[in-house]
Amino acid sequence: MKVLHLVKTAVGATWALRQMSALRARGVEVAVALPSADEGHAPAYVRQGIEVLEADLDVPPQQPWRLAGALRRCRRVVAATAPDLVHSHFVSTTLVARLALGRRHPVPRVFQVPGPLHLEHAAFRTLDLATAGPRDFWVASCRWTLDAYDRLGVAAERVALSYYGTDLGALEVGAPGALRRELGLAAGTPLVGMVAYMYRPKRYLGQRTGLKGHEDLIDAFPAIARAVPGAHLVLVGGEWGGDTSYHDRVAARARAVGGDAVHVLGTRRDVADVYADLDVAVHPSHSENCGGAVESLAAGCPTVATAVGGLPDVVHDGETGWLVPPRDPSRLAEAIVAALCNRAEGRRRALAGRTLVRRLFAIERTADEILALYDRVLSHGPHARPRAMMPSGMSACTT
């Protein structure tokens, strides 16, 4: 079979590249539409034997005038590749494909939903459902999303559940110490950290602070420092999109609240080494798929997260980590202090979480699930109705 993937960025979405590489290794002929054929990850796609077509299919809500060009580019890449199936990884590329091809187009389309954000807002939920035709299917990448489509009345036969696989080998941690030495901290210094890009607030969605909850963690830090004297906070991750204005505001807020005990380090490539030194990893998102909690648990790091989206799929309160309500710095501080003050319990939960994510997010497993879905969609003609696909042992993911 030949599958055309639609990705709105050439510099991000490594999870999509990882999935396509695994599908290519399983004999699927893969092509991908990217906004650039030579920047970002484009050369990596080519090295994996994936055909790259340059086509910017992203239409930000603030720039509707870009829609007409995106529709033309989408029709062109579909005509050029003649795929058996179109697999889209973003809301914008999905809507463009549906509008460009029409609801009755014979080529089936799979929308692998990267996160729950668009389903949390009525206008985007409506667009998702209204543009879908009889040959449109969804892959939820967390249980919250799966349940949301069920609540919206989408037939279970048209929605599957499969997580985006990750490179678990890249999260094998070595001996701790490198990050503390870099920061000039003593070996026993309590170290709390967050690894995430900084996404500017989307005003059109009513956001006043960043989606990842950096401000909440910063506001929680004074209570952490009072309860655990000598604690330090590390924020790893630059601003997504290149404009550093929001990153600079977050950094200024962090310095004002925590002074020299807060370290804003920007983008790093040594994430495994960072996790090796953290006593607690924190994911205080307001909206999220499974997010960075997969990485911190795969690295065996005690993890605190908010109970939103797919985070509860991997962070089970009392079992694999600590869960708290979103936008609540006080509760966030309490959980972090609990993890810092009971290191043995933190290690126990982290080990259980490591076992869970290494089972659910192995790329071999998730690629096989997607390939099975392709086979079901393509083997039943124009009215294919694939049955819902649950990873084996999904009962272990419920809370």
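The model shown is predicted, which means the values in this text are computed figures rather than measured ones. (Residues numbered from 1 in each chain as written. Predicted model: local features only at pLDDT ≥ 70, side-chain atom pairs only at ≥ 80, totals over all residues. Heavy atoms only, no water.)

Hey, could you go over the environment of G230 for me, with residue numbers and the actual values?
Structurally, G230 can be placed in the loop between helix 8 (214-227) and strand 9 (232-236). When the C-alpha atoms of G230 and K202 are compared, they prove to be 35 Å apart, with 28 residues separating the residues in sequence. Non-local contacts of G230, meaning those with residues more than four positions away in its chain, are made with T189 and P190. (Helix = DSSP H or I, 4+ residues; strand = E, 2+ residues; numbered from the N terminus. Contact = heavy atoms within 4.5 Å.)

With reference to specific residues and values, describe the pairing of strand 4 (residues 85-88).
Burial along strand 4 is two-sided: the residues L85 and H87 and V86 and S88 are all buried. The pairing of strand 1 (residues 2-6) with strand 4 spans four bridges and is parallel. Looking across to strand 4, one finds that L6 is bridged to S88. When strand 4 meets strand 5 (residues 109-113), the two strands line up parallel, connected through three bridges. (Buried < 20%, exposed > 50% of the residue type's maximum accessible area, 1.4 Å probe, protein only. Pairing = 2+ DSSP bridges.)

Pulling in residues and values, what's your account of the sheet that holds strand 10 (residues 262-266)?
Taken in spatial order, the six strands of this open sheet run 10-9-8-11-12-13, and their pairing is parallel. Edge positions in the sheet fall to strand 10 and strand 13 (322-324), since each has one partner strand and no second. Neighbour-to-neighbour, the strand axes of this sheet turn through a mean angle of 20 degrees, independent of strand direction. In the sheet, strand 11 (residues 280-283) pairs with strand 12 (residues 303-306) via three bridges, with the strands oriented parallel. Bridge pairing in strand 12 places H283 opposite A305. This element, helix 8, spans strand 8 (191-195), strand 9, strand 10 and strand 11 of the sheet and lies at about 170 degrees to strand 9. (Axes fitted to C-alpha atoms, helices over the stretch in contact; angles between N-to-C directions.)

Just give me the short version of the pattern of salt bridges, but keep the residues and values in it.
According to the stated counting rule, one finds 18 salt bridges in the structure shown. Where D270 meets R268, a salt bridge forms, and the shortest distance between an N and an O atom there is 2.9 Å. With a closest N to O distance of 2.7 Å, R349 and E345 form a salt bridge. Taken as a pair, R349 and E345 lie in helix 14 (residues 343-360) at a separation of four residues, close to a single helical turn. As far as burial versus exposure is concerned, R349 and E345 are alike and both buried. When salt bridges that share partners are traced, they join R98, R109, D128 and D136 into one network. (Salt bridge = Lys/Arg side-chain N within 4 Å of Asp/Glu carboxyl O.)

Tell me about helix 4 (residues 91-101), and please be specific about residues and values.
With respect to burial, helix 4 is a largely interior element, nine of its 11 residues being buried. Considered for burial, the residues of helix 4 that qualify are S92, T93, T94, L95, V96, A97, R98, A100 and L101. Positioned one or two residues after helix 4, G102 has a phi angle of 90 degrees, which is positive.

How would you explain the packing of helix 1 (residues 14-25) against helix 15 (residues 363-378) if you had to name every residue and give the values?
Contact geometry of helix 1 with helix 15 gives a least axis separation of 9 Å together with a crossing angle of 70 degrees. Between helix 1 and helix 15, the crossing angle belongs to the class labelled roughly perpendicular. Listed contacts from helix 15 to R18, Q19, A22 and L23 of helix 1 are I363, A367, I370, L371 and Y374. By residue class, the composition of the contact of helix 1 with helix 15 is seven nonpolar, one polar and one charged. (Parallel < 35°, antiparallel > 145°, perpendicular 65-115°, else oblique. Nonpolar A, V, L, I, M, F, W, Y, C, P; charged D, E, K, R; others polar.)

Could you give an account of the state of the cysteines, naming the residues involved and the relevant values?
All told, the structure shown has zero disulfides when counted by the stated rule. This cysteine, C301, is not joined by any disulfide, and C341 carries the nearest cysteine sulfur, 16 Å off. By relative accessible area, C341 is classed as exposed at 56%. (Disulfide = S-S within 2.5 Å.)

Before we move on, can you summarise the packing of helix 3 (residues 67-81) against helix 4 with the specific residues and values?
Here helix 3 crosses helix 4 at 75 degrees, and the two axes come no closer than 9 Å. Taken as axis vectors, helix 3 and helix 4 run roughly perpendicular relative to one another. Between helix 3 and helix 4, the residues in contact are L67, A70, L71, C74, R75 and V78 and V96, A97, L99, A100 and L101, respectively. Its residues assigned to classes, the contact of helix 3 with helix 4 comprises 10 nonpolar, no polar and one charged.

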